[in-house]
Amino acid sequence: MSEIPLSSPDITDAEIDAVVDVLRSGRLSIGPKQDLFEQQVASRCERSHGVAISSGTAGLHILLKALGIGHGDEVLTTPFSFIASSNCILMVGAKPVFVDICPQSLNIDPKRLEAAITDKTKAIIAVEVFGNPMHMDAIEAVARRHEIPLIEDACEGLGGKLNSRPIGNVGRAAVFGFYPNKQITTGEGGMILTDDDRLADMCRSLRNQGRAVATDRSDSVGTNATGSWLAHERLGYNYRLSEINAALGCVQMDRLDEMLEQRRRVANAYTQRLLDQHDLILPTGGTDDADCSWFVYVIRLSPEYDRAARDRVIQGLRRHDIGASNYFPPIHLQPFYKKQFGYEPGSFPITESISDRTLALPFFNQLDDTQIDLVCHTLTVMLPRERLLLDDAV
Ligand SMILES: *Cc1c(COP(=O)(O)O)cnc(C)c1O
């Protein structure tokens, strides 16, 4: 039996040809592919600026820098996410303040968010967890009311919609990540989106060693008409996206709708097969107003189960060479967060209770019905055993 991985990128000859073309062109960084990729993502998300970046994490980092957030500041965010959405706050020396989630959307609970705002709150980072934009409008309303910049960590949501607005269009700025398990990939890469001209320029400067935007393209002798390539206005980073990666991204953007359709097909196929499993809570795909983009297919065991049961199911799937993972362990209980901030289990009970019972199943565009059958069969054979253990314990 062959292995079914948790995720797999969807690369066709078109992507391969585009990358080879760049290699033959002699222009490997800061060139036309970066510009085109920025335009494609910005236009898809109805934003005026796209700033291509070397990763989603790098994008979140320089966005916080560009907003002037640093020591002494607090940023509200979710403990139920990939760790980068909180690490970026530590990278600028600010303090992440976690707000527990809503069990329905798995996103920050807007009511708790409002209650958590203090004088020190300088930004909010909200995530469409697993690509579901539900509650992002309410979160945006809280940010507006308190005049606090909202950063949309849209890394899991490319292609989703909130009341006909694309994910990536919420808040002061949004960030996408293009790691190989995301809806589109550039190998490594990311994109900052905003309508704010000054913020976009600041991000462009920070990604390119603090150069002024007008001088950020060198000609072959290292200068251009407006200034010197070696003039640096501020402390910046090298967070540029190479032309090789950008070319890959351009083709993936051309194929986005086709790929989103494949992901929807796989999600529906899982749901159809698992619908009558009463010990499982299935992902909904959002609501009429909040249309999710399928990033992963994460199910969870019903509330009477515990983490040990979930872990046994994951191990059981893996023994059959089926990829499965516990998306996500709570960020506040990661060892270095516990150590630095003294969090203990119980700090964010909704996040912890949900996180204990979630498991991601294999999810990628090429997953076929035979493989989906096998995953669902393997899973459903294991569940009665967990049910028995549970009943015995009562
Ligand atoms: C993937 C992801 C990121 C980071 O993206 P990278 O490109 O891997 O740095 C940030 N936030 C969330 C919620 C993610 O899922």
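Small disclaimer: the values here were computed from a predicted structure and weren't measured.

**Re the site of the ligand**
Part 1: Around the ligand lies a shell of 14 residues, among which G56, T57, D153, E156 and K182 are the nearest.
Part 2: Backbone polar atom of G56 to an oxygen atom of the ligand: 2.8 Å apart, as the coordinates give it.
Part 3: Here D153 contributes a side-chain N or O atom positioned 2.7 Å from a nitrogen atom of the ligand.
Part 4: When the ligand is considered free in solution it has 380 Å² of accessible area, and contact with the protein chains removes 92% of it.

**Side note on the packing of helix α10 (residues 307–319) against helix α13 (residues 369–393)**
Part 1: Orientation of α10 relative to α13, taken along the N-to-C sense of each, is 145°, at an axis distance of 10 Å. Crossing of α10 against α13: the hand is right-handed. Contacts between α10 and α13 involve A309, R312, V313, G316 and L317 from the first element and V375, T378, L379, M382, R385, E386 and L389 from the second.
Part 2: Broken down by class, the residue content of the contact of α10 with α13 amounts to seven nonpolar, two polar and three charged.

**Quick look at the pairing of strand β1 (residues 49–53)**
Part 1: By the criterion of burial, β1 is predominantly enclosed, with five of the five residues buried.
Part 2: Across the two faces of β1 the burial is the same, with H49, V51 and I53 and G50 and A52 all buried.
Part 3: Bridge count for β1 against strand β9 (residues 190–194) is five bridges, and the pairing is antiparallel. Residue pairing for β9: A52 is matched across the bridge by M191.

**Remarks on the packing of aromatic side chains**
Part 1: Inspection of the entire model under this criterion finds 17 aromatic pairs.
Part 2: A centroid spacing of 5.1 Å and a plane angle of 10° characterise the contact between Y237 and Y239, whose relative ring orientation is stacked.
Part 3: On the accessibility criterion, Y239 (19% relative accessible area) is buried.
Part 4: Ring geometry for Y327 versus F328: centroids 5.3 Å apart, planes at 10°, classification stacked.
Part 5: A connected cluster of aromatic rings, assembled from ring pairs, spans F98, F336, Y337, F341, Y343 and F348.
Part 6: Seen from the ring of W229, R211 lies directly overhead, with NZ or CZ sitting 3.4 Å from the centre.

**Topic: the environment of A154**
Part 1: With respect to the helices and strands, A154 occurs in the loop between β5 (150–153) and β6 (161–162).
Part 2: In this structure the C-alpha to C-alpha distance between A154 and V175, which are 21 residues apart in sequence, comes to 5.4 Å.
Part 3: Not counting residues up to four positions away in its chain, the partners in contact with A154 are E128, I167, G168, A174, V175 and F176.

**A look at a nonpolar patch on the surface**
Part 1: On the surface, a nonpolar cluster with roughly 210 Å² of combined accessible area is contributed by I11, I16 and V20.
Part 2: Within the secondary structure, V20 is located in helix α1 (residues 13–25).
Part 3: Using a relative accessible area of 31% as the deciding quantity, one classes V20 as partly exposed.

**Comments concerning the domain arrangement of the chain**
Part 1: When the domains of the chain are assigned, the result is domain 1 (13–254) and domain 2 (256–393).
Part 2: With centres defined by C-alpha atoms, the gap from domain 1 to domain 2 works out at 27 Å.
Part 3: Contact residues are listed per partner, giving 41 residues for domain 1 and 36 residues for domain 2.
Part 4: Across the domain 1 to domain 2 interface the summed buried area is about 3,200 Å²; carbon plus sulfur atoms make up 64%.
Part 5: Per-residue buried area on domain 1 facing domain 2 is highest for F98, F130 and Q183; these three make up 21% of the total on that side.
Part 6: Linking domain 1 with domain 2 are 14 residue pairs in polar contact (both at pLDDT 80 or more).
Part 7: Elements with a contribution of two residues or more to the side of domain 1 that touches domain 2: α4 (84–91), β3 (95–98), β6 and α8 (243–254).
Part 8: The greatest single-element share of the side of domain 1 that touches domain 2, amounting to four residues, is contributed by α4.

Parameters and conventions
- Residues numbered from 1 in each chain as written.
- Predicted model: local features only at pLDDT ≥ 70, side-chain atom pairs only at ≥ 80, totals over all residues.
- Heavy atoms only, no water.
- Near = heavy atom within 4 Å.
- Polar contact = N/O pair within 3.5 Å; in protein donor to acceptor, adjacent residues only side chain to side chain.
- Areas by Shrake-Rupley, 256 points an atom, 1.4 Å probe, with all protein chains shown as cover.
- Axes fitted to C-alpha atoms, helices over the stretch in contact; angles between N-to-C directions.
- Helix = DSSP H or I, 4+ residues; strand = E, 2+ residues; numbered from the N terminus.
- Left-handed = near helix turned anticlockwise from the far one by under 90°.
- Contact = heavy atoms within 4.5 Å.
- Nonpolar A, V, L, I, M, F, W, Y, C, P; charged D, E, K, R; others polar.
- Buried < 20%, exposed > 50% of the residue type's maximum accessible area, 1.4 Å probe, protein only.
- Pairing = 2+ DSSP bridges.
- Phe/Tyr/Trp six-rings, centres within 6.5 Å; stacked < 30°, edge-to-face > 60°.
- Lys NZ or Arg CZ within 6 Å of the ring centre and 35° of its normal.
- Patch = residues over 30% accessible without salt bridge, like charges linked within 9 Å, V, L, I, M, F, W, Y side chains within 5 Å.
- Salt bridge = Lys/Arg side-chain N within 4 Å of Asp/Glu carboxyl O.
- Domains from an automatic or database assignment.
- Buried area = accessible area lost by both parts, 1.4 Å probe.

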